[in-house]
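Spelled out, the chains give:
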Amino acid sequence: MSSVPSFAAMLVTEDGVRIDAAHTPPREAGDLGIVLAHGFTGSLRERPTRRITQVLSGFGGVVSFDFRGHGRSGGESTVGDLEVLDLDAAVRHARAIGYSRVAVVGFSMGAAVAVRHAGWRGRREDWDEGGHRRGEVDAVVAVSAPARWYYRGTRPMRQVHWAIERPLGRWAARVGKRTRIRKGVWDPVPLAPHEAAARISPTPLLVVHGDADGFFPLDHAHQIYRAAREPKELWIEPGYGHAESAATPGLIRRIGEWVSANS
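In what follows, the accompanying structure is described. Owing to the predicted nature of the structure, the values given are computational and were not obtained by experimental measurement.

With that settled, the discussion passes to the overall build of the chain. Looking only at helices and strands, the chain features nine helices and eight strands. Relative to the 2.2 N^0.38 estimate, which gives 18 Å for 263 residues, the radius of gyration of the chain is 17 Å and therefore close to what a compact globule would have. If one aligns the C-alpha atoms of the chain with their principal axes, the spans along those axes are about 45 × 40 × 40 Å. Counting across all 263 residues of the chain, residues that qualify as buried make up 55%. For the chain, restricting intrachain contacts to residue pairs at least 6 apart in sequence, the fraction spanning at least 24 positions comes to 75%. With the model as given, the accessible surface of the chain reaches about 11500 Å², and the carbon-plus-sulfur share is 52%. Counting 35 positive and 29 negative side-chain charges, the chain places the centres of these two groups 6 Å from one another.

Our focus in this paragraph is the pattern of salt bridges. Side chains bearing opposite charge may pair, as long as their charged atoms lie close to each other. Counting across every chain of the model gives ten salt bridges. As a salt-bridge pair, R101 and D31 come within 3.0 Å of each other at their nearest N and O atoms. Residue R101 is found in strand β5 (residues 101-107), and its partner D31 is found in the loop between β2 (18-24) and β3 (32-37); the two are separated by 70 residues along the sequence. For R182, the salt bridge identified is with E76, shortest N-O distance 4.0 Å. With R182 in the loop between α5 (167-177) and α6 (193-197) and E76 in the loop between β4 (61-65) and α2 (83-96), this pair connects stretches of sequence that are 106 residues apart. The structure contains a network of salt bridges with shared partners spanning D15, R68 and D86.

The strand order β1-β2-β4-β3-β5-β6-β7-β8 describes an open sheet built from eight strands, whose pairing is mixed. Each of the sheet's edge strands pairs with one partner strand only, and the pair in question is β1 (7-12) and β8 (232-237). Taking the axes of each pair of neighbouring strands and ignoring which way they run, one obtains an average angle of 20° across the sheet. Summarising the sheet, β5 and strand β6 (residues 139-143) pair through five bridges and their orientation is parallel. Within the sheet, the bridge partner assigned to F107 lies in β6 and is V143. Packing of helix α7 (residues 218-227) onto the sheet brings it into contact with β7 (205-210) and β8, and relative to β8 it is tilted by some 170°.

Take the packing of helix α1 (residues 47-56) against helix α9 (residues 249-262) next. Running from N to C, α1 and α9 cross one another at 45°; their axes reach a closest spacing of 9 Å. Relative to α9, the element α1 lies oblique. Judged by the twist between their axes, the crossing of α1 over α9 is right-handed. Contacts from R51, I52, V55 and L56 of α1 reach α9 at P249, I252, R253 and G256.

V35, F65 and L87 are the most contacted members of the largest nonpolar core, which has 49 residues in total. Here this core takes seven residues from α2, the largest share from any one element. Ignoring any residue separated from it by four or fewer positions in sequence, one finds L87 in contact with V35, F65, F67, V104, V113, A114 and H117. With 24 residues, the next largest nonpolar core counts I52, V62, V105 and A247 among its residues.

What counts, and where the lines are drawn
Residues numbered from 1 in each chain as written. Predicted model: local features only at pLDDT ≥ 70, side-chain atom pairs only at ≥ 80, totals over all residues. Heavy atoms only, no water. Helix = DSSP H or I, 4+ residues; strand = E, 2+ residues; numbered from the N terminus. Rg over C-alpha atoms; globule rule 2.2 N^0.38 Å. Buried < 20%, exposed > 50% of the residue type's maximum accessible area, 1.4 Å probe, protein only. Contact = heavy atoms within 4.5 Å. Areas by Shrake-Rupley, 256 points an atom, 1.4 Å probe, with all protein chains shown as cover. Lys, Arg positive; Asp, Glu negative; His and termini not counted. Charge placed at Lys NZ, Arg CZ, Asp CG, Glu CD. Salt bridge = Lys/Arg side-chain N within 4 Å of Asp/Glu carboxyl O. Pairing = 2+ DSSP bridges. Axes fitted to C-alpha atoms, helices over the stretch in contact; angles between N-to-C directions. Parallel < 35°, antiparallel > 145°, perpendicular 65-115°, else oblique. Left-handed = near helix turned anticlockwise from the far one by under 90°. Core = buried A, V, L, I, M, F, W, Y, C linked by side-chain atoms within 4.5 Å.

Shown next, in the form of structure tokens:
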């Protein structure tokens, strides 16, 4: 499969943070835009994200971006809180460049943000210039999502919390992963993904989780799925690990087919 070229864009969030983004046009003309939300310490320029972008471009145009504090984007990561503003900027960009249907596919932290964004009842119940409610999308896919905050039940998640909470951990994330993390605690604590899932309907929701996920066990997927109302689907993938790096082209194609059919 030949690669589809991408076109760089710089977005600005509602709170003034510059977000590095790219648009990969669809292989065939269509009205479906897919916004791709990466996981914590990820980037639109990393190989797994680029590979997923290329596969999804077979189903629609793809807007990928770096969350705040990641890669070339400005600001500092709030690890799932203010990132809803970053995702909203990417969704608005997808509509602005002509996609009448917009779906979000998120991985890990990006999946949590996607669920929160779709269930967003923000500080202002207003509408954007295109006539769309903030947080309005046509479908949501949450892959390897946490259902709740502060989970430390696996070794990888204890390591993540060390990176977030400790000065040395934040330094290591900045130097090793180009991820700049805001110090301090959430105040207030944002709505948990499983709580936001209850607000998504009637937008279709697909929850995808691997039974070999070393970060979040399967009860996270089940908790999100139980909280959501129809229309919803749950895929438990045998042998699948965590997020972008473990996702096979076959799984991404199935996700693309689901998005195309349900948006």
